[in-house]
Amino acid sequence: MARAGGSIYLEPASVITYLDGPPLEWSDMPFYAVRWSDEWTLASLHRFRDKWHLTEDAYFTRQYANLGWRRKHYLVQSTLLRRVPSWRLRLLLASVALPIEEAWARRVFARHARALAGSAARG
């Protein structure tokens, strides 16, 4: 649009995430671990930046600093810990669960990447 001489209007504070709403089903966990992985998020941000010829500004800096927030919030806090009655106990359990979730999510993403590479090599 800009190259054609038109105007582009953006709402800088907007963030759009499509979810059916927490809690997620257990069977959905691997899908979201891949989709919200740091690698996929970075690729999406870079594609968005490159496609629209954007500069690395405060928005991108903020996004890079918060990689994995959707996984941490929706997979761990909203799904795994949502029924823990005490906020102090939730904080304690989150401090244990988050590093475990990060390691698990990296493994799930690596398995997905290997499977994708294998199918690309075969076909």
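Heads up: the structure comes first, above all this text.
Residues numbered from 1 in each chain as written. Predicted model: local features only at pLDDT ≥ 70, side-chain atom pairs only at ≥ 80, totals over all residues. Heavy atoms only, no water.

*Asks:* Would you mind going over the overall build of the chain with me for this structure?
*Replies:* Summing up its helical and strand segments, the chain has five helices and zero strands in all. Its C-alpha atoms give the chain a radius of gyration of 18 Å, more than 25% over the compact-globule value 14 Å for 123 residues. Dimensions of the chain, computed from the C-alpha atoms along their principal axes, are close to 55 × 45 × 25 Å. Burial analysis of the chain (123 residues in total) assigns 25% to the buried set. (Helix = DSSP H or I, 4+ residues; strand = E, 2+ residues; numbered from the N terminus. Rg over C-alpha atoms; globule rule 2.2 N^0.38 Å. Buried < 20%, exposed > 50% of the residue type's maximum accessible area, 1.4 Å probe, protein only.)

*Asks:* Can you walk me through the packing of helix α4 (residues 69-80) against helix α5 (residues 87-122) in this structure?
*Replies:* Each pair of packed helices gets described by two things: the angle between the helix axes and the distance between those axes. Put simply, α4 and α5 touch, their axes get as near as 11 Å, and they point 110° apart. One way to sum up the angle between α4 and α5 is to call them roughly perpendicular. Classified by chirality, the crossing of α5 by α4 is right-handed. In this structure, α4 uses R71, K72, L75 and V76 to contact α5, whose residues at the interface are A97, L98, E101, E102, W104 and A105. When grouped by side-chain class, the residues that make up the contact of α4 with α5 number six nonpolar, no polar and four charged. (Axes fitted to C-alpha atoms, helices over the stretch in contact; angles between N-to-C directions. Parallel < 35°, antiparallel > 145°, perpendicular 65-115°, else oblique. Left-handed = near helix turned anticlockwise from the far one by under 90°. Contact = heavy atoms within 4.5 Å. Nonpolar A, V, L, I, M, F, W, Y, C, P; charged D, E, K, R; others polar.)

Bear in mind that shape data such as this cannot, by itself, settle questions of function.
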